Amino acid sequence: MLVRTIEETVLARWQPRVRARRRAQAEAEGFVFHTRARLGFAAPAGSSDDPRVRRITQDLPGEVARELFAARDAGAGEQQQPVILARALGYVYFREWGRRAHGLHVVLSDVEFADFSIG
């Protein structure tokens, strides 16, 4: 019983520190977002806006991690996460950090899986 109590105490104290360290790392250095989901676009006339399933692995900056954590901390539901991630993918992946496809708005839906890797 004593061993179990010690293990529970260590786990309760260790995990919050690990989570805090990983959060700080993601917010400072960014993270890798890997997903298979349906992505569609709202864009100026002449573009292909048909949603289709894509598999994407993309480095996202720390600002996105900060926005995701801030939304969670503010009580935002799961429906807010795809909005934040779609905006980030739109800017980084589809618009190449703002160098092309100006005015493109990405919609992320039908997420089959999503994985996040931090350094």
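Computed from a predicted structure; not experimentally measured. (Residues numbered from 1 in each chain as written. Predicted model: local features only at pLDDT ≥ 70, side-chain atom pairs only at ≥ 80, totals over all residues. Heavy atoms only, no water.)

Could you clarify how one ought to interpret a positive patch on the surface in this entry?
Together, R13, R17, R21 and R22 line one region of the surface with positive charge. For R17, the position within the fold is in helix α1 (residues 2-29). On the basis of relative accessible area, R17 is assigned to the exposed category, the value being 56%. (Patch = residues over 30% accessible without salt bridge, like charges linked within 9 Å, V, L, I, M, F, W, Y side chains within 5 Å. Areas by Shrake-Rupley, 256 points an atom, 1.4 Å probe, with all protein chains shown as cover. Salt bridge = Lys/Arg side-chain N within 4 Å of Asp/Glu carboxyl O. Lys, Arg positive; Asp, Glu negative; His and termini not counted. Charge placed at Lys NZ, Arg CZ, Asp CG, Glu CD. Helix = DSSP H or I, 4+ residues; strand = E, 2+ residues; numbered from the N terminus. Buried < 20%, exposed > 50% of the residue type's maximum accessible area, 1.4 Å probe, protein only.)

How should the pattern of salt bridges be read in this particular structure?
Oppositely charged side chains can pair when the atoms bearing their charge come close. Tallying each qualifying case throughout the model produces seven salt bridges. Residues D73 and R23 are paired through a salt bridge, measuring 2.7 Å at the closest nitrogen-oxygen approach. On the criterion of sequence distance, the pair formed by D73 in helix α2 (residues 62-73) and R23 in helix α1 is long-range, its members being 50 residues apart. For R23, a relative accessible area of 25% puts it in the partly exposed group. Residues E112 and R36 are paired through a salt bridge, measuring 2.7 Å at the closest nitrogen-oxygen approach.

Where do I start with helix α3 (residues 80-94) in this structure?
In this model, α3 (15 residues) spans 20 Å end to end at C-alpha, consistent with the 21 Å of a helix rising 1.5 Å per residue. Listing the buried residues of α3 in full gives I84, L85, A86, A88, L89, G90, V92 and F94. Count one or two residues on from α3 and you reach E96, which has phi positive near 50°. (Expected span 1.5 Å × (residues − 1).)

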